[in-house]
Amino acid sequence: MPQSRRGELLQRPSRPGSMREQKPVARGPRVVHLEGPLTVKDLAVKMGLRAADVIKKLISLGVMAGINQEIDMETAAIAAQEMGYEVTQKQPEMTKEELLDADLLKEDPEETLRPRPPVVTVMGHVDHGKTSLLDAIRESNVAAREAGGITQHIGASVLDWKDRKVVFLDTPGHEAFTAMRARGAKVTDIAVLVVAADDGVMPQTIEALNHARDAKVPIVVAINKMDKPDAKPDRVKQQLTDKGLVPEEWGGDTVFVPVSARQGTGIDHLLDMILLVADLHGMKANPDRKATGTVIEAELDKGRGPVATVLVQNGTLRIGDHYVIGQAWGKVRAMVDDRGKPVKKAPPSMPVEVTGLSEVPGAGDVLQVVEDERTAKEVAEARRTRKRAGDMQMSSRMSLEDLASRVREGEIPELKIVVKADVQGSAEALKQAIDKLETSEVKTNIIHGGVGGITESDVMFAAASGAIVIGFNVRPDSNARRVAEDQKVDIRTYRIIYDAVDDIQSAMKGMLKPKMKETVLGRAEVRQLFKVPKVGNVAGCYVVEGKITRNSTIRVVRDGVVVCEAAIDSLKRFKDDVREVASGYECGISLEKFQDIKEADILEAFVMEEVPA
Ligand code: GDP
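Rules behind the numbers
Residues numbered from 1 in each chain as written. Predicted model: local features only at pLDDT ≥ 70, side-chain atom pairs only at ≥ 80, totals over all residues. Heavy atoms only, no water. Patch = residues over 30% accessible without salt bridge, like charges linked within 9 Å, V, L, I, M, F, W, Y side chains within 5 Å. Areas by Shrake-Rupley, 256 points an atom, 1.4 Å probe, with all protein chains shown as cover. Salt bridge = Lys/Arg side-chain N within 4 Å of Asp/Glu carboxyl O. Helix = DSSP H or I, 4+ residues; strand = E, 2+ residues; numbered from the N terminus. Buried < 20%, exposed > 50% of the residue type's maximum accessible area, 1.4 Å probe, protein only. Near = heavy atom within 4 Å. Polar contact = N/O pair within 3.5 Å; in protein donor to acceptor, adjacent residues only side chain to side chain. Nonpolar A, V, L, I, M, F, W, Y, C, P; charged D, E, K, R; others polar. Phe/Tyr/Trp six-rings, centres within 6.5 Å; stacked < 30°, edge-to-face > 60°. Lys NZ or Arg CZ within 6 Å of the ring centre and 35° of its normal. Core = buried A, V, L, I, M, F, W, Y, C linked by side-chain atoms within 4.5 Å. 1 Å grid on protein atoms, 1.4 Å probe; cavity = no way out; pocket = protein on both sides within 12 Å on 5 of 7 lines; lining within 4 Å. Points joined across faces, edges and corners; volume = space filled by probe spheres on them. Pairing = 2+ DSSP bridges. Axes fitted to C-alpha atoms, helices over the stretch in contact; angles between N-to-C directions. Contact = heavy atoms within 4.5 Å. Expected span 1.5 Å × (residues − 1). pLDDT = per-residue confidence, 0-100.

### Structural notes on a nonpolar patch on the surface
- Judged by side-chain polarity, Phe530, Val532 and Val535 come together as a nonpolar surface patch covering roughly 220 Å² of accessible area.
- For Val535, the position within the fold is in the loop between β27 (516-532) and β28 (536-549).
- The partly exposed category is assigned to Val535, whose relative accessible area is 38%.

This is the structure in structure tokens:
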């Protein structure tokens with residue numbers, strides 16, 4: 001359509017159909033509503049003005065833009081205002097991630113809240129009996145005993161006490177508590193401060209006290225080792241009073257309970273007091289909403305893949321729920337409680353172990369149930385991208401050769417690996433094979449695993465964390481190759497799991513000797529396919545990089561995934577057989593034993609060369 005016709009059209013706002021969102025050119029306030037970036041033409045249409053006038057105005061504002069060029073909202077708004085319009089703008093929509101974050105901060109209405117069990121952490125100075133106290137508490141638990149004791153270690157134990165429940169975090173001490181807090185997680189409702197009656201208040205007692213106070217967590221003091229002849233409970237009370245923890249019997253508001261973890265005395269009273277303090281502080285949650293919780297432990301289990309113990313903090317986690325945990329996502333297929341018993345739902349304050357996560361989350365990561373798998377994946381991916389961007393600074397490069405030489409020098413390095421594979425099954429198989437390789441000399445740590453071609457962001461992630469990239473049946477795309485070269489990231493690609501494992505194993509023993517090295521000669525893009533009688537499919541190609549030689553092997557790559565590797569059957573320019581075709585030229589390629597070439601496939605030509613030792 002010639003320019004002038006278009007100009008005319010723009011001047012006829014009443015014309016239906018072609019003028020979407022057109023408001024009549026108006027009397028009354030001239031208002032233009034802007035949503036997202038738009039072209040100069042769109043803006044002109046919205047205002048019912050000639051595009052040429054809008055272009056002139058933009059030039060006067062220092063913006064050179066053609067009629068079909070996109071301009072940002074800000075520029076559009078300024079131009080519209082300058083031209084006498086009032087501008088209304090749509091607020092940018094929140095991303096799913098932002099919505100989820102906002103959801104976490106939303107408070108539940110009072111009437112939806114129900115009492116929930118308190119979550120307790122035991123803290124105190126070393127050797128004052130934290131572990132012994134936890135053991136004594138568990139032993140007093142009839143239900144656990146009947147179920148055959150604590151069969152499972154999932155990071156937290158639920159205690160049944162007088163028809164109520166108390167949850168204890170299994171890792172005593174303020175270090176774990178602080179590590180969680182550092183990550184913004186608050187899981188503890190009540191701190192039990194253990195002080196040995198003979199030893200009295202010690203430096204770590206004060207530390208633990210300060211940590212609990214800082215977190216605004218109520219404290220119950222357990223004066224332990226009361227069985228000892230030199231126990232001086234009053235001295236403990238005095239020392240803590242000096243620190244501002246005044247016993248009730250002295251007119252303060254802190255509960256002190258004398259106990260002996262060794263003899264099991266005073267434990268009942270301690271539990272009663274914990275529940276009393278819980279009631280005082282009214283720990284509540286809304287069980288009738290989508291669950292949120294915090295990871296208290298997570299690991300990569302050799303058989304089951306990533307597992308995490310999650311303490312549900314609000315809502316109820318149910319089988320079938322989709323969730324995100326930090327950068328990981330998954331669906332609750334099965335859950336077990338602290339006694340290893342499968343459960344169908346986990347209400348507030350219940351610790352459960354979940355499997356089926358996309359990767360191992362970190363302790364302190366927050367679990368949030370979302371409406372569907374798409375949302376879960378989308379949010380996890382958004383977070384991962386942000387994390388990678390944030391992780392870019394500190395980097396120490398690693399390659400299998402570096403690893404080998406560091407092992408030779410007697411170091412105990414950690415080999416971090418990013419694994420990419422063509423299908424989930426092979427990614428898993430490779431991950432498990434690599435995990436089995438870990439020795440006392442070298443730790444292996446798969447920091448990221450996924451399906452699909454090796455991308456720029458995989459390489460960036462590896463660069464940021466000093467990892468190598470292992471590709472199984474997949475190839476790096478050209479951006480990934482460029483970044484890898486730039487950032488000196490070791491990318492190794494394999495077609496056989498055993499070869500990958502073998503290379504890593506040799507490197508771990510400090511004796512990586514790559515016998516054969518692959519050299520990529522060039523790449524050609526399949527532009528068209530021809531069926532030739534007797535020969536089969538011939539790919540009409542354009543060599544985009546390097547060269548293709550008759551004696552090279554061809555790797556057919558489709559969307560980053562290696563479809564096959566095959567020898568060249570024929571390499572032709574027009575009708576002639578040739579020995580090589582250089583970049584910028586067209587050629588016809590047919591492969592031995594492979595007919596399934598498709599348009600847009602990348603044919604990568606490579607040769608294997610001996611590397612002198
Ligand atoms: P933690 O470092 O705070 O976890 O302390 P432990 O639970 O490991 O206990 C340290 C030592 O104190 C161990 O030798 C326990 O047997 C002992 N112990 C713990 N509780 C008592 C108690 O109530 N009475 C006596 N006499 N010894 C105790």
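That was the structure; now back to the text.
### Thoughts on the site of the ligand
- The immediate surroundings of the ligand are formed by 15 residues, with Asp127, Lys130, Thr131, Ser132 and Asp227 found nearest.
- At a separation of 3.1 Å, an oxygen atom of the ligand approaches a polar side-chain atom of Asn224.
- Contact distances for the ligand include 3.1 Å between an oxygen atom and a side-chain N or O atom of Lys225.
- Summarising the interface, the protein chains cover 76% of the accessible area of the ligand, which totals 580 Å² for the free molecule.
- Classifying every residue of the shell around the ligand gives two nonpolar, seven polar and six charged.

### Re the packing of aromatic side chains
- Tallied over the entire structure, the rule returns zero aromatic pairs.
- Cation over ring: Arg555 sits above Phe606, and NZ or CZ is 4.0 Å from the ring centre.

### A short note on the nonpolar core
- Of all hydrophobic cores here, the largest spans 28 residues; its most connected members are Leu133, Phe168, Leu270 and Ile274.
- Among the secondary structure elements, those contributing two or more residues to this core are β6 (119-124), α6 (130-139), β7 (156-161), β8 (164-169), β9 (190-196), β10 (219-224), β11 (255-258) and α11 (267-281).
- At eight residues, α11 tops the list of elements feeding residues into this core.
- Of all hydrophobic cores here, the second largest spans 23 residues; its members include Leu403, Ala427, Leu437 and Val442.

### Section: empty space enclosed by the protein
- Inspection of the entire model under this criterion finds one cavity of 30 Å³ or more.
- Estimates place the volume of the largest cavity at around 50 Å³.
- Looking at the largest cavity, the residues that line it are Leu300, Asp301, Lys302, Gly305, Pro306, Glu428, Lys431, Gln432 and Asp435.
- Put simply, the parts of the chain that give the lining of the largest cavity at least two residues each are β13 (292-301), β14 (305-314) and α14 (424-437).
- At four residues, α14 tops the list of elements feeding residues into the lining of the largest cavity.

### Overview of the sheet that holds strand β26 (residues 491-494)
- As summarised here, the arrangement of the four strands in space is β24-β23-β25-β26, forming an open sheet in which the pairing is parallel. Each having just a single partner strand, β24 (443-451) and β26 make up the two edges of the open sheet. Along the sheet, successive strands turn relative to each other by an average axial angle of 25 degrees, direction set aside.
- Pairing geometry for strand β23 (residues 414-421) and strand β25 (residues 467-472), over six bridges, is parallel. The partner of Val418 across the bridge, within β25, is Val469.
- Lying on the sheet, helix α13 (residues 400-408) is in contact with β23, β25 and β26; it crosses β26 at an angle near 105 degrees.

### Section: the sheet that holds β6
- Spatially, the six strands line up as an open sheet ordered β7-β8-β6-β9-β10-β11, and their pairing is mixed. Here the strands that pair on one side only, and so sit at the sheet edges, are β7 and β11. Taken over all neighbouring pairs, the strand axes of this sheet differ in orientation by 30 degrees on average, direction set aside.
- Strands in contact with α6 are β6, β7, β8, β9 and β10; relative to β6, the strand with the most contacts, it is inclined by about 145 degrees.
- Packing of α11 onto the sheet brings it into contact with β6, β7, β8, β9, β10 and β11, and relative to β8 it is tilted by some 100 degrees.

### What about the pattern of salt bridges?
- Enumeration according to the criterion identifies 39 salt bridges in this entry.
- One salt bridge connects Arg492 with Asp490, and the closest N-O pair in it is separated by 3.0 Å. Like Arg492, the residue Asp490 is buried in the burial classification.
- Its salt-bridge partner being Arg492, residue Asp503 comes within 3.8 Å of it at the nearest N-O pair. Within this pair, whereas Asp503 is found in helix α17 (residues 497-508), its partner Arg492 is found in strand β26, the two being separated by eleven residues in sequence.
- Connected through shared salt-bridge partners, Arg475, Arg481, Arg495, Glu518, Arg523, Glu545, Arg555, Glu565 and Glu604 make up one network.

### Quick notes on α14
- The end-to-end C-alpha separation of α14 is 20 Å, in line with the 20 Å expected for 14 residues at 1.5 Å each.
- Here α14 has its buried residues at Ser426, Ala427, Leu430, Lys431, Ile434, Asp435 and Leu437.

### Considerations on the pairing of strand β21 (residues 351-355)
- Judged by how many residues are buried, β21 sits mostly within the fold: five of five residues are covered.
- Note: β14 against β21, five bridges, orientation antiparallel. By the bridge assignment, Val307 is partnered in β21 with Thr355.
- Judged from the two bridges that link them, strand β18 (residues 335-336) and β21 form a sheet pairing that is antiparallel. Across the sheet, residue Met335 finds its bridge partner in β21, namely Val354.

### Details of the environment of Val451
- Mapped onto the elements, Val451 comes out in strand β24.
- Along the primary structure Val451 and Asp422 are separated by 29 residues, whereas in three dimensions their C-alpha atoms are 5.5 Å apart.

### Observations regarding the confidence of the model for the protein
- Mean pLDDT over the protein: 83, with 87% of residues reaching 70 or higher.
- Below pLDDT 50 for its whole length, residues 390-395 participates in seven contacts with residues either more than four positions away or in separate chains.

### With respect to unusual backbone geometry
- Backbone geometry at Asn473 places phi at a positive 65 degrees, although glycine is not the residue there.
- Turning to its location among the elements, Asn473 is positioned in the loop between β25 and α16 (478-487).
- In the Ramachandran plot, Ala600 falls in the positive-phi region, its phi being about 80 degrees despite a non-glycine side chain.
- Residue placement: Ala600 occurs in the loop between β33 (586-591) and β34 (602-610).

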